[in-house]
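# Close look at the chain arrangement
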Amino acid sequence: MPVVPSAKTFFEEVRAVYAETATALGLSGPIETTFVLPVSSYKGGGVEYEFSLDFREGGVNCAAGIEVNPVTTLIVDIEPLAIAAGIVEKRGDISYSAQNLKQLRKSLVGQTGYVQRVHPLLTDAATAEDLMRRAGAREWHGRRSTPEQ
């Protein structure tokens, strides 16, 4: 049976893998929460990236979110966003597995690479909302309840 890394290990790995990217992109964070699943968030340039660990499925995922007005946020997984942006051609070029520490690291590295490539497109207010919608973003209404640190 696979041994999914603990929340503590997950947070340590996200910090290690994402540190250089966060600095290069001018992102603040991480904000780490464990309300339902362990989530590590970074913000900057009007964009929020959330890495989450799903213990049950043994997977890790990165989602990007932008606020389109004070009460509406668009959120989409990083891979469909990269496809909609024309950065990658098809699904399946990155891993989502977190069944062990090696797979978690591989998945985080691949997903972080997509963040590096889509971030400049998401910080352009003139095109960000259209790109998110073309990627199939989910629309959330109301204020999000992520605590500020």
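Scoring rules and cut-offs
Residues numbered from 1 in each chain as written. Predicted model: local features only at pLDDT ≥ 70, side-chain atom pairs only at ≥ 80, totals over all residues. Heavy atoms only, no water. Pairing = 2+ DSSP bridges. Helix = DSSP H or I, 4+ residues; strand = E, 2+ residues; numbered from the N terminus. Axes fitted to C-alpha atoms, helices over the stretch in contact; angles between N-to-C directions. Parallel < 35°, antiparallel > 145°, perpendicular 65-115°, else oblique. Left-handed = near helix turned anticlockwise from the far one by under 90°. Contact = heavy atoms within 4.5 Å. Nonpolar A, V, L, I, M, F, W, Y, C, P; charged D, E, K, R; others polar. pLDDT = per-residue confidence, 0-100. Salt bridge = Lys/Arg side-chain N within 4 Å of Asp/Glu carboxyl O. Buried < 20%, exposed > 50% of the residue type's maximum accessible area, 1.4 Å probe, protein only. Polar contact = N/O pair within 3.5 Å; in protein donor to acceptor, adjacent residues only side chain to side chain. Core = buried A, V, L, I, M, F, W, Y, C linked by side-chain atoms within 4.5 Å.

### A look at the sheet that holds strand β6 (residues 138-141)
- Read across the sheet, six strands follow the order β1-β2-β3-β4-β5-β6 without closing on themselves; strand pairing throughout is antiparallel. Among the strands making up the open sheet, the edge pair consists of β1 (28-33) and β6. Recorded for the sheet is a direction-independent mean angle of 25° between the axes of neighbouring strands.
- Looking at chain direction, strand β4 (residues 59-69) and strand β5 (residues 72-77) are connected through six bridges and run antiparallel. Within the sheet, the bridge partner assigned to E67 lies in β5 and is T73.

### Things to note about the packing of helix α1 (residues 7-25) against helix α3 (residues 101-122)
- At a minimum axis separation of 10 Å, α1 and α3 run at an interaxial angle of 25°. In terms of axis orientation, α1 runs roughly parallel to α3. Here α1 and α3 pass one another in a crossing that is right-handed. Residue-level inspection shows T9, F10, E13, V14, V17, Y18, T21 and L25 of α1 in contact with α3, the latter providing L101, L104, R105, L108, V109, T112, V115, Q116 and H119.
- In the contact of α1 with α3, the residues fall into ten nonpolar, five polar and two charged.

### Quick word on the confidence of the model for the protein
- Mean pLDDT for the protein: 91, with 94% of residues reaching 70 or above.
- When mean pLDDT is taken per element in the protein, β1 scores highest with 97 and β6 scores lowest with 91.

### Examining the pattern of salt bridges
- Tallied over the entire structure, the rule returns eight salt bridges.
- As a salt-bridge pair, E139 and R133 come within 2.8 Å of each other at their nearest N and O atoms.
- Note on E139: relative accessible area 38%, which makes it partly exposed.
- One salt-bridge network, held together by shared partners, links E129, R133 and E139.

### Here's the deal with the side chain of E79
- Its location among the elements puts E79 in helix α2 (residues 78-84).
- E79 gets classed as buried once you look at its relative accessible area, which sits at 2%.
- Among the polar contacts made by the side chain of E79, one reaches the side chain of R91 at a distance of 3.4 Å.
- Setting aside residues up to four positions removed in sequence, E79 forms contacts with K90, R91, G92, D93, I94, Y96 and Y114.

### Topic: the nonpolar core
- In this structure, F10, Y18, Y49, I78, L81, L122 and M132 are the most contacted members of the largest nonpolar core, which totals 37 residues.
- For this core, the secondary-structure elements that each account for two or more residues are α1, β3 (47-54), β4, β5, α2, α3 and α4 (125-134).
- Those residues within four positions of I78 in sequence are excluded, and the remaining contacts are C62, A63, I94, Q111, Y114, V115 and V118.

### Brief notes about the pairing of strand β2 (residues 39-44)
- Extensive coverage of β2 is indicated by the burial of five of its six residues.
- Pairing between β1 and β2: four bridges, direction antiparallel. By the bridge assignment, I31 is partnered in β2 with S41.
- Two successive antiparallel strands, β1 and β2, enclose a turn made up of five residues.
- Of the strand pairs in this sheet, β2 and β3 are connected by six bridges, and their pairing is antiparallel. Directly across from Y42, in β3, lies its bridge partner Y49.
- Counting the residues between successive antiparallel strands, the hairpin from β2 to β3 contains two residues, one of them, G45, with a positive phi of roughly 65°.

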